[in-house]
Amino acid sequence: MLFPGHTIKAGEPDATIVKALKAQLNLVLSLANDPSLRLDESEGSFGAKMRQVVKLFQARHVDPEGRPLKQDGEVGAITWSVLFGQQSVPQAATALDPLMAEVIKVARVELGRPVREQPTNSNRGPDVEKYLASVGLDGGFSWCCAFTYWCFQQAATQLHRRNPMVKTGGCLKHWQDAPARGAKLISAAAAQADPGLLRPGMLFIMDHGKGLGHTGLIVSVSGGLLNTIEGNTDASRTREGGGVYALVRKLSEINKGYIDYAGVP
């Protein structure tokens, strides 16, 4: 059964979805002989007992990356994919827009070099400073947004076209100004409810408060998981890491939203 495009939780109005979830939970958790937990598959309401069973399932399983599921008693895309298989949630591995596809190619080249700050934890180095220079900044500044701009600029140059991305090193300024450049904004809540809204080539924005943020490029989407390439990060997944890295993030980590330049001339 395919993910319905929204988080299923207590009070879900679609009885067909609830019944399908109950049947799958009973099967996967082997609840046929446990009347205290077995869910009535003929009854289409999502109540307290079903929430308890969903939390039990989440406690006993991990996501495709081997990380614990969030035990919230709600069935989002990640929990759904573990219940019904990865083929049941939205998958997107290819950018449909030529510019977005070229941006990903450029980012992959930088990833493979590899790029590291020099010296460590300095926000400096030949590669870092070329990214910062592309948005008019000197070395020493946070550079995740500058990295994405540089990738867009290189891709646009190779395709002999205009770069639509806002020229800025500020993640939250990018979010604020992107619509004026023709970009579409997708809220974090909308994407978490329906991962099918996301495509490779989009940029995610995280808001850390006090004007600080982080951004990166989506390379592929698998339900509630994003494969990304990001600058100014590392395995710690912070906004002040030391290089360009490929990471896997849960949609729940992205608290601001996504910027989509696909189709912008």
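Residue positions within a chain follow its written sequence, with the count starting from 1. The model is predicted, so local features are restricted to residues of pLDDT at least 70 and side-chain atom pairs to those at 80 or more, both for listing and for counting; the totals for chains, interfaces and linings are taken over all residues. To get the side-chain values, all heavy atoms of the structure are used, and hydrogens and water are removed first.

(A) Spatial organisation of the overall build of the chain. From N to C terminus, the chain includes 8 helices and 7 strands. Overall, the C-alpha framework of the chain stretches about 65 × 40 × 35 Å when taken along its three principal axes. Burial analysis of the chain (265 residues in total) assigns 50% to the buried set. Whether two residues are in contact is decided by their heavy atoms, any of which lying within 4.5 Å being enough. Nonlocal contacts in the chain, meaning residues at least 24 apart in sequence, comprise 57% of its contacts between residues at least 6 apart. Shrake-Rupley sampling with a 1.4 Å probe provides the accessible areas, and residues are treated as covered by the protein chains on show and by no other component. Here the chain has roughly 11,700 Å² of accessible surface; of this, 52% comes from carbon and sulfur atoms. For the charge count, each Lys or Arg is scored as positive and each Asp or Glu as negative, with His and the chain ends excluded. Charge coordinates come from a single atom per side chain, which is NZ of Lys, CZ of Arg, CG of Asp or CD of Glu. The distance from the centre of the 29 positive side-chain charges to the centre of the 25 negative ones in the chain is 2 Å. Here a helix means four or more residues in a row that DSSP labels H or I, a strand means two or more in a row labelled E, and each is numbered from the N terminus. Note on classification: 1.4 Å probe, protein chains only; a residue is buried when its accessible area is under 20% of the maximum for its type, exposed when over 50%, partly exposed between these limits.

(B) Looking closely at helix 4 (residues 98-112). One fewer than the residue count of a helix, multiplied by 1.5 Å, yields its expected span. When the terminal C-alpha atoms of helix 4 are compared, their 21 Å separation across 15 residues agrees well with the 21 Å that a helix rising 1.5 Å per residue should span. Listed in full, the buried residues belonging to helix 4 are Leu 99, Met 100, Glu 102, Val 103, Ile 104, Val 106, Ala 107 and Glu 110. Those residues of helix 4 that are buried lie in contact with helix 5 (126-133), helix 6 (144-158), strand 4 (212-222), strand 5 (225-233) and strand 6 (243-250). As used in this structure description, the phrase polar contact means that two N or O atoms lie within 3.5 Å; if the pair is within protein, one of them must be able to donate a hydrogen and the other to accept it, and residues adjacent in sequence are counted only when both atoms belong to side chains. Between the side-chain oxygen at the start of helix 4 and the backbone nitrogen of Leu 99 there is a gap of 2.9 Å, and the oxygen is on Asp 97.

(C) Region of the structure containing the environment of Leu 203. With respect to the helices and strands, Leu 203 occurs in strand 3 (residues 203-209). Sequence spacing of Leu 203 and Ala 15 is 188 residues, and the spatial spacing of their C-alpha atoms is 36 Å. Beyond its immediate sequence surroundings of up to four residues, Leu 203 is in contact with Thr 148, Phe 152, Met 165, His 174, Thr 215, Gly 216, Leu 217, Gly 257, Tyr 258, Ile 259 and Tyr 261.

(D) Fine view of the layout of surface pockets. Grid spacing is 1 Å over the protein atoms alone, the probe is 1.4 Å, and a cavity is where that probe fits but cannot get out, while a pocket is an open set with protein on both sides within 12 Å along at least five of seven lines and lining residues have an atom within 4 Å of a point. Grid points are joined across faces, edges and corners, and a volume is the space filled by probe spheres set on the points. Computed from the structure, the largest pocket encloses a volume of approximately 320 Å³. Around the largest pocket, the lining is made up of 15 residues, and of these Asp 72, Gly 76, Ile 78, Gln 192 and Ser 252 lie nearest the centre. Counting residues per element, the lining of the largest pocket draws most heavily on helix 3 (residues 77-84), which supplies 3 residues. For the lining of the largest pocket, the per-class residue count stands at 4 nonpolar, 7 polar and 4 charged. Taken together, Ser 142, Cys 144, Gly 169, Gly 170, Cys 171, Leu 172, Gly 211, Leu 212, Gly 213 and Arg 239 make up the full set of residues lining the second largest pocket. Those elements giving two or more residues to the lining of the second largest pocket turn out to be helix 7 (171-177) and strand 4. All amino acids are sorted into three groups, where Ala, Val, Leu, Ile, Met, Phe, Trp, Tyr, Cys and Pro are nonpolar, Asp, Glu, Lys and Arg are charged, and the leftover types, Gly among them, are polar.

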